[in-house]
Amino acid sequence: MYTVKFDTDAKLKVVADSMILTTDSETNAGSKMLKGYKSLLESEALLKLKAAGYGLCGKTPVGEFAIDLLGETSVDGAYTKDGALMLASADAVKTGDADIALVLDVNGSVRRGTAQSGLISVKPTYGTVSRYGTVPVACSGETVSLIGKTAEDCKNALSVISGHDDKDGTSLSDELCKSALSCGSVKRIAVLKSMTEGADSCVKAKIDAFVNALKENGIEACEIDDTVIVKSRAAWNILMSAELCNNVSRYDGVKYGYRTENFTNLDELYTNSRTEAFGQLLKTAILFGSDTLSTENYMKVYDKALRVRRVVLEAFNKIFGEFDAVLMPACSKMVYTEKDTENKFLSYTENLYTAPASITGLPAVVACGVQLVGKAFSEGALLDTVNAVCKEGK
Amino acid sequence: MRYETVIGLEVHCELATDSKIFCSCSAHSYGAEPNSHVCPACCGMPGMLPVVNKRVVDYGMKAGLMLNCHINRVTTFDKKSYYYPDLPAAYQTTQWFAPVAVNGLVEIETSKGKKNVRIKQIHMEEDAGKLVHDIREDTTHVDFNRTSVPLIEIVSQPDLSSAEEVEAYLERLKTLLRYARVAECEMAHGTMRCDVNLSVRPEGSDKLGVRTEMKNMNSIEAIKRAIEYETSRHIDAIENGTEVLVQETRRWDDIKGKSYAMRSKETAGDYRYFPDPNVMPVVIDDKWFDEISESLPEFPEVKRERYMSEYGLSEYDSEQLAKSIALCECFEDAYSVCGSAKDAANWMLSEVMSNLNARQMTYDMLTLNGKALGELITLVVDGKVGRANAKKILNAMFDDASVSPAEYAEKNGFVISNDTGLMDSVIKTMVAADPKAVADYKSGKEKAIMAIYGKCMKELKGNCDPQTLRTKLIEYINSL
Ligand SMILES: [Zn+2]
């Protein structure tokens, strides 16, 4: 379950996934390219947690650059229990090793893993938690996130890591960051029908159960139809792959990381180092991303995806005119087996459920196996709501 | 047939900011130990995020305004991807979609008169590192000191038509950017670099010929040679069919005096530009814009004219002072204190210049406190410090900008004493010691008195008013 394990006497224990850079231990981002890599700088969020008394109890593996389904492409190997794929960082919380997991939500594996473990996670509003000291992949949407057993644990840790950071140019003001933590009540929730349709019966049952729990707590839940938000996935895959292609270009075998032994010139050094160290899903993402940014495709593909991002946000805001949050699944099924990973690109379709919050930067809270996407700066209210509604994990 | 050359330039200037464009490393590493000015950010390591150095945007705007450009009030940074070992993150952050300044105009003057050169755009970007080839070890080392040092690239329209015009244009850019104190623009230091886009067409034609881009010229002289070579190569190809011209990038070899096509591999490729999601668009509000506009200096011509018309300086003196903004500022400060433009100009062009020369400093390196210079001039004019001692004080002021002339004069015994008793007794002693000079003087050789005058001055350590000493000396000898 761990890449590195630490002993800590701290009362509160935090586990960090391998996208969170640490100076005293390996951060490999799940890639052979960075196997053994020790950073010169440490994640701002982790430093804040440590300063608040949290003790780092371990580093958990992630899939290669955190874009896969649930860690199955990790250089440290897939983490499974009884044939089911597990998210190592979530399991560290579930087993009680850690009170909280500090993770980077790049392509939704965090939310899928949380939903399937019956835990609670929060992906805060983009810009409220510093990304300084995280391995960059899809910078315009990835967010430092938290997994905990209770909404309260998540909220406490979030109040520690949230805030302005001069070292992150996309970091928002302290005032805005603080506003995201304020208490609030969610009164009306939209259930996105177009999203639940493709999910299996177990997931649908989770949604139904959650809707019932909402109603029991006096919260209104209405089914709505939407044709725009479901388009997030295609646009997100373009933006994520393009940014990924650019971000992983730095791993070229010249300065650090994996270097091939098989080269006679610079081109071979680059090509063979990358060919030998990168996995198939990553290579596909690189090629796809590179293609979307080519002069030929930029306007047709990349620029269009940027425009879709804006349209999706508008669609959400329209819904938020009437509702406080949108309910949707976090994944299409409640268990992934190793058989699912035969489709190497499943994460590029399964992110149907996670792309909407990733592409818009809206906050998302996963609880009781389902996902709530809220207005910007409403994660405090979302966490309060699931705290009241969710009986699981308590 | 007669041909004309059509030239457009891409000029890179290193901005003279203290720190790099996206991190706090020092931007001044000329001659420093390799990799001594680096951090995880400018080495492209994962986890560091770029934070725009506001000073770089200030300087980009200043450069744009000096070149009469329109300033884009929302300016963005974009990533340009390519692989090279001197580019640590495999992308360069530059401005592709919304550069800081566009549509400018620069006036140049050549033997053929005045001409306007249109500026297409000025964009800000980060520099790459440097590869150092070690022949003995047959290896290549990378020095990242220069990575992320801020640059502006000034892209002109193809409005230039000769080596002479190119030289005038580059000199003009240098003058204007130095005036605004945004860039050193010294080709020998690599703080100004230039790529030349050139094509040739029949005179009067409005169709452009095949364009080639030349890189790797390290001096204005080399640029001129390269333009002349490339022009005749193009004409030769057109007239004699010696070769087929293709649009390509060529490397100038100044030693051989020839240009060579670069391997297509070095130039081909798609840079895959896209907006950098980690750098928010920079919004230049009115307050910021006004602050920068107001901080800009007068153009050199304006200063020259004003020195002549307002201060009554000669054309030559005005021209000399207007050569450098540092000279101008020092002069204007000195004048504001001493109240005499002529005295201030004289000191600038004689004593200050010779101090600069003695120290092998360029005009722009002048850091002398102009106000203090004005005080010094006042001390001399008021007869409180002798000229020779004033030079010593100026020397001290060059070494230490905090030196106060009055305090320094006091401390070193340079203040002219009003104690005429001392002067009288010195005159008496010196006259008594040189009866021959006195006799010579009395017999009509007026110059003979100078020997005694010199000895008195020396005895008084220069601390006396020369005119008073002279008068008293003559009076005394005449009274004998
Ligand atoms: Zn640096």
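Residues numbered from 1 in each chain as written. Chains lettered and ligands numbered in written order. Predicted model: local features only at pLDDT ≥ 70, side-chain atom pairs only at ≥ 80, totals over all residues. Heavy atoms only, no water.

(A) Broad picture of the overall build of chain A. When you go through chain A residue by residue, the secondary structure sums to 14 helices and 13 strands. Taken against the 2.2 N^0.38 rule, which gives 21 Å for 394 residues, the C-alpha radius of gyration of chain A at 20 Å falls within 12% of a compact globule. C-alpha extents for chain A along the principal axes are approximately 70 × 55 × 45 Å. Taking all 394 residues of chain A together, the buried fraction comes to 62%. (Helix = DSSP H or I, 4+ residues; strand = E, 2+ residues; numbered from the N terminus. Rg over C-alpha atoms; globule rule 2.2 N^0.38 Å. Buried < 20%, exposed > 50% of the residue type's maximum accessible area, 1.4 Å probe, protein only.)

(B) Highlighting the interface of chain B and chain A. Residue-level contacts link 30 residues of chain B with 39 residues of chain A. Between chain B and chain A, the buried area comes to about 2800 Å², and carbon and sulfur atoms account for 60% of it. Contact with chain A buries area across many residues of chain B, yet Pro46(B), Tyr83(B) and Arg272(B) alone supply 23% of it, more than any other trio. At the boundary of chain B with chain A, the tally comes to 0 salt bridges. Elements with a minimum of two residues in the side of chain B that touches chain A: strand S4 (78-81) and strand S15 (274-275) of chain B. (Contact = heavy atoms within 4.5 Å. Buried area = accessible area lost by both parts, 1.4 Å probe. Salt bridge = Lys/Arg side-chain N within 4 Å of Asp/Glu carboxyl O.)

(C) Geometry of the nonpolar core. Of all hydrophobic cores here, the largest spans 134 residues; its most connected members are Phe65(A), Ile67(A) and Leu102(A). Counting 101 residues, the second largest nonpolar core, distinct from the first, contains Tyr59(B), Met124(B), Cys194(B) and Phe331(B). (Core = buried A, V, L, I, M, F, W, Y, C linked by side-chain atoms within 4.5 Å.)

(D) Here's a closer look at the packing of aromatic side chains. A complete count under the given rule lists 20 aromatic pairs over all chains for this structure. Ring geometry for Tyr37(A) against Tyr256(A): centres 5.3 Å apart, planes inclined by 40°, an arrangement best described as tilted. Taken as a pair, Tyr37(A) in the loop between strand S2 (12-17) and helix H1 (44-51) and Tyr256(A) in the loop between helix H8 (232-247) and helix H9 (266-277) lie far apart in primary sequence, 219 residues in all. The same class applies to Tyr37(A) as to Tyr256(A), namely buried. Here the aromatic rings of Tyr298(A) and Phe97(B) are separated by 5.4 Å at their centres, their planes lie at 25°, and the arrangement is stacked. Pair noted here: Tyr298(A) is in helix H11 (residues 298-320) and Phe97(B) is in the loop between strand S5 (91-94) and strand S6 (101-110), and the two residues belong to different chains. We classify Tyr298(A) as buried; its relative accessible area is 8%. Owing to a relative accessible area of 40%, Phe97(B) belongs among the partly exposed residues under this scheme. Every member of this aromatic cluster is reached through a ring pair, and the members are Tyr37(A), Phe65(A), Tyr251(A), Tyr256(A) and Phe278(A). (Phe/Tyr/Trp six-rings, centres within 6.5 Å; stacked < 30°, edge-to-face > 60°.)

(E) Spotlight on the side chain of Ser25(A). Residue and element names in this part refer to chain A. Residue position: Ser25 is located in the loop between S2 and H1. By relative accessible area, which is 2% here, Ser25 ends up buried. At 2.9 Å, the side chain of Ser25 and the side chain of Thr22 are in polar contact. Those residues within four positions of Ser25 in sequence are excluded, and the remaining contacts are Val4, Phe6, Tyr37, Lys38 and Lys59. (Polar contact = N/O pair within 3.5 Å; in protein donor to acceptor, adjacent residues only side chain to side chain.)

It is worth stressing that arrangement in space is one thing and function is another; only the former is reported here.
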